[in-house]
Structure formats: structure tokens, C-alpha cells
Amino acid sequence: QNSVVLSAAIFISLIGLIIYLHFVKIDQESLLSYASGKESTTFIEMGQVKDVVINEAIHMQKVIYYLCILLQDPEDPQGVSEVVPLFQSSKPRLDCLIEVYKSCQEILEQRKTAPQSS
């Protein structure tokens with residue numbers, strides 16, 4: 001009978017752990033990745049993008065770089081309403097981030113000049 005109780009306790013603990021990991025977010029790894037591996041995707045309209053920047057942070061005596069989208073504040077065209085970090089699960093090297101940054105800047109420049117030419 002002790003083995004049945006022990007098995008039931010282990011089974012309930014495992015179910016509780018799975019539920020906990022599924023619903024609890026990882027503290028600073030990513031706002032969109034859950035400990036269970038569940039991920040969510042957010043789509044941002046191009047008209048909301050004010051700029052794309054490479055930020056740096058110091059973490060555990062190490063400098064890390066990450067790409068962010070600055071969203072335009074609807075009430076203040078010169079302001080920023082939100083900073084959205086990209087590549088939250090992966091940590092691309094700085095040279096890779098620079099390539100993505102340059103491509104994003106080209107697209108943003110095309111968007112800025114397109115309405116003026118029409």
C-alpha cells in the first residue's frame with residue numbers, strides 16, 4: 001500500500017510541476033517564452049514602428065546585445081510608447097544583429113521616402 005501512495009504522490013507532483021511550468025513565465029529570459037517551451041508570437045504593424053535599435057545590457061559581468069523595435073506613441077509622434085525586444089529565445093552575435101539592423105533601417109528608410117514620392 002505504501003508503494004501505491006508513493007506512486008500517487010509522485011504522479012500528482014509531476015502533474016503539478018507540468019502545470020506550473022506551462023503557466024509561469026521565465027523571469028528575464030523572455031517575456032514570450034514559457035518554461036514549458038510554449039511560445040507566443042506578436043505581430044506589429046509597420047506603421048507603429050518608429051525605429052529599430054541595438055541595445056546593450058550587462059548581465060553577469062558580460063555585455064549582451066539585443067535588437068529592439070521602438071513603437072511610436074499614438075498621442076505623441078516624437079515619443080516612444082513601448083520597446084519590444086526581438087530574438088528573445090536566441091542570442092545572436094553582434095555581427096548578426098548588425099546585419100539585421102541594417103536591413104531594417106533600409107526598410108524604414110524606404111517607408112519614409114515612399115509617401116513623399118507619390
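This report concerns the structure included in the present document. All residue numbers here refer to positions counted from 1 along the written sequence of the relevant chain. Local features in a predicted model are, by the rule used here, given only for residues with pLDDT of at least 70; side-chain atom pairs are given and counted only at 80 or more, and totals for whole chains, interfaces and linings are based on all residues. Side-chain calculation: all heavy atoms of the structure are included, whereas hydrogens and water are not.

**Brief notes about the pattern of salt bridges**
A side-chain nitrogen of Lys or Arg and a carboxyl oxygen of Asp or Glu constitute a salt bridge if their distance falls within 4 Å. Applying the stated criterion across every chain, the model contains one salt bridge. Here R93 ties to D95 by a salt bridge, and the two come within 3.1 Å at their closest N and O atoms. Classification of residues uses two cut-offs on accessible area relative to the type maximum, computed with a 1.4 Å probe and protein chains only: under 20% is buried, over 50% is exposed, and between them is partly exposed. Taking relative accessible area as the criterion, R93 reaches 55% and is therefore assigned exposed. D95 sits in the partly exposed class, given a relative accessible area of 41%.

**A closer look at the sheet that holds strand β1 (residues 49–58)**
Ordered by their spatial adjacency, three strands build an open sheet running β1-β2-β3, and the pairing between neighbours is antiparallel. On the outer flanks of this sheet lie β1 and β3 (80–85), each paired with one strand and no other. Taking the axes of each pair of neighbouring strands and ignoring which way they run, one obtains an average angle of 30° across the sheet. At least two bridges found by DSSP between two strands are what make those strands a pair. Secondary structure is summarised from DSSP: a helix means a run of H or I of at least four residues, a strand means a run of E of at least two, and numbering begins at the N terminus for each. The pairing of strand β2 (residues 63–72) with β3 spans five bridges and is classified as antiparallel. If you follow C68 over to β3, its bridge partner there is P85. Geometry is summarised by axes, namely lines fitted to C-alpha atoms with helices restricted to the contacting stretch, and by angles between N-to-C directions that run from 0 to 180 degrees.

**As for the side chain of Q105**
Note on placement: Q105 falls in helix α2 (residues 94–117). Under the relative-accessibility criterion, Q105 is labelled buried at 18%.

**Here we look at the pairing of β1**
One ladder, built from nine bridges, connects β1 with β2; its direction is antiparallel. The partner of V49 across the bridge, within β2, is L71.

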